[in-house]
Amino acid sequence: MKKMGIDIELIGNYPWIYIDTINGKSVTEQFRSDYYFTVAFLPIRDNQEITFTDVTEIFKLIRKYK
């Protein structure tokens, strides 16, 4: 995303991954969490892959803070 001029900082609380800031602006929206905007879930087992919540909603949020 940096090549497109978008700087995103993520934070995690296993197994959740949240968007913390976009271009230095703190994200205040909540999505699939009581506290933050959830981007993805880390796998619990070795044979699983990372699961993204909703790519459409993620890009809507990025456009809003861009």
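Above this text sits the structure in question.
The rules we used
Residues numbered from 1 in each chain as written. Predicted model: local features only at pLDDT ≥ 70, side-chain atom pairs only at ≥ 80, totals over all residues. Heavy atoms only, no water. Helix = DSSP H or I, 4+ residues; strand = E, 2+ residues; numbered from the N terminus. Buried < 20%, exposed > 50% of the residue type's maximum accessible area, 1.4 Å probe, protein only. Pairing = 2+ DSSP bridges. Salt bridge = Lys/Arg side-chain N within 4 Å of Asp/Glu carboxyl O.

Engineer: Looking at this structure, I do not really get the environment of G5. What am I missing?
Structural biologist: If you trace the backbone, G5 turns up in the segment before β1 (8–13). Judged by relative accessible area, G5 falls into the exposed class, the value being 53%.

Engineer: Please explain the pairing of strand β4 (residues 37–41) as it appears in this structure.
Structural biologist: Looking along a regular strand, one sees the side chains alternate between the two faces of the sheet. Within β4, four of the five residues are buried, which leaves it mostly tucked inside the rest of the structure. Two strands pair when backbone bridges link them, and strand β2 (residues 16–22) and β4 are joined in this way by four bridges, in the antiparallel orientation. Counted as the bridge partner of I19 is F37 from β4. Of the strand pairs in this sheet, β4 and strand β5 (residues 51–52) are connected by two bridges, and their pairing is antiparallel. Note on β5: the bridge partner recorded for F41 is T51.

Engineer: Got a minute to help me understand the pattern of salt bridges in this structure?
Structural biologist: A side chain with one charge may pair with a side chain of the opposite charge, provided their charged atoms come close. If you walk through the whole model with that rule in mind, you get three salt bridges. Between D7 and K2 there is a salt bridge, with the nearest N and O atoms lying 4.0 Å from each other. Take D7: its relative accessible area is 30%, and that puts it in the partly exposed class. By relative accessible area, which is 67% here, K2 ends up exposed. One salt bridge connects K64 with E29, and the closest N-O pair in it is separated by 2.4 Å. Of the two residues, K64 sits in helix α1 (residues 55–65) while E29 sits in the loop between β3 (25–26) and β4, which places them 35 residues apart along the sequence. According to the relative accessible area criterion, K64 is exposed, its value standing at 58%.

Just distances and angles here, no functional claims.
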